[in-house]
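# Close look at the chain arrangement
The residues making up each chain are set out below.
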Amino acid sequence: RKEVEQDPGPFNVPEGATVAFNCTYSNSASQSFFWYRQDCRKEPKLLMSVYSSGNEDGRFTAQLNRASQYISLLIRDSKLSDSATYLCVVTRRDKVIFGPGTSLSVIP
Amino acid sequence: SQTIHQWPATLVQPVGSPLSLECTVEGTSNPNLYWYRQAAGRGLQLLFYSVGIGQISSEVPQNLSASRPQDRQFILSSKKLLLSDSGFYLCAWSRDLGYEQYFGPGTRLTVT
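Residues numbered from 1 in each chain as written. Chains lettered and ligands numbered in written order. Predicted model: local features only at pLDDT ≥ 70, side-chain atom pairs only at ≥ 80, totals over all residues. Heavy atoms only, no water.

Another point: the interface of chain B and chain A. Taken together, the 17 residues of chain B in the interface contact 16 residues of chain A. By the criterion of area lost to chain A, the three top residues of chain B are B:Gly98, B:Phe103 and B:Arg108, representing 30% of everything that side buries. Scanning the region where chain B abuts chain A turns up one salt bridge. For the interface between chain B and chain A, the tally reads four residue pairs in polar contact (both at pLDDT 80 or more). Looking at the side of chain B that touches chain A, its residues break down into ten nonpolar, four polar and three charged. (Contact = heavy atoms within 4.5 Å. Buried area = accessible area lost by both parts, 1.4 Å probe. Salt bridge = Lys/Arg side-chain N within 4 Å of Asp/Glu carboxyl O. Polar contact = N/O pair within 3.5 Å; in protein donor to acceptor, adjacent residues only side chain to side chain. Nonpolar A, V, L, I, M, F, W, Y, C, P; charged D, E, K, R; others polar.)

Rendered as structure tokens:
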């Protein structure tokens, strides 16, 4: 079993829809959590950190559930420009693990 | 503000040739530095990371090596490239282990 798992998708949603991604991690010692987005043939860019109490940045909401060992990303009012691959990242001590990513296509 | 540079942006090299990719960071001191590879359609694979000058940790044994000759410079090298070395090479920095990482624009390497 991989340490960080994501549904690869693709998720195809219409503009304006709400979409949610989950990411599960297997090591309970994991400490920090992040969401990145990666556009085709570009570098990953930090979207947001994920805090225990949950956090929101505009249309994006991130949640952490330590008991069930997953993090989630909710995107409201999807835009065409949200089309990308979303990577979850889990860190513990000196290890950083990137998930394989979830592909999102927002359709006009 | 901090910026991270990588060059070249693209590279086509024959099998058996040497490789040198360079990454530099500006606007911060003593960053943690990372090299990743992403094969086509695949996830990120951590190759090396460094917490300081001359300190390199290897995550995956292979024909690649890394060096950190200066605080904000990280170099990825190979003496003889293999076809399987093709991919998108990304350098990243972070303030410390466990903190968010920031990526450079990457080098797309094709080994022919």
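In this section: the pattern of salt bridges. Any two side chains of opposite charge can pair, so long as their charged atoms come close to each other. Applying the stated rule across the entire model yields nine salt bridges over all chains. Where A:Glu56 meets A:Arg76, a salt bridge forms, and the shortest distance between an N and an O atom there is 3.6 Å. Note that A:Glu56 is positioned in strand E6 (residues 55–57) and A:Arg76 in the loop between strand E8 (70–75) and strand E9 (84–92), a separation of 20 residues in sequence. The partly exposed category is assigned to A:Arg76, whose relative accessible area is 26%. The closest approach of N and O atoms between B:Asp85 and B:Arg37, which form a salt bridge, is 3.4 Å. Linking B:Asp85 in the loop between strand E8 (73–78) and strand E9 (87–94) with B:Arg37 in strand E4 (residues 32–38), this pair joins segments that are 48 residues apart in sequence. Here B:Asp85 and B:Arg37 have matching classes, each one buried. (Helix = DSSP H or I, 4+ residues; strand = E, 2+ residues; numbered from the N terminus. Buried < 20%, exposed > 50% of the residue type's maximum accessible area, 1.4 Å probe, protein only.)

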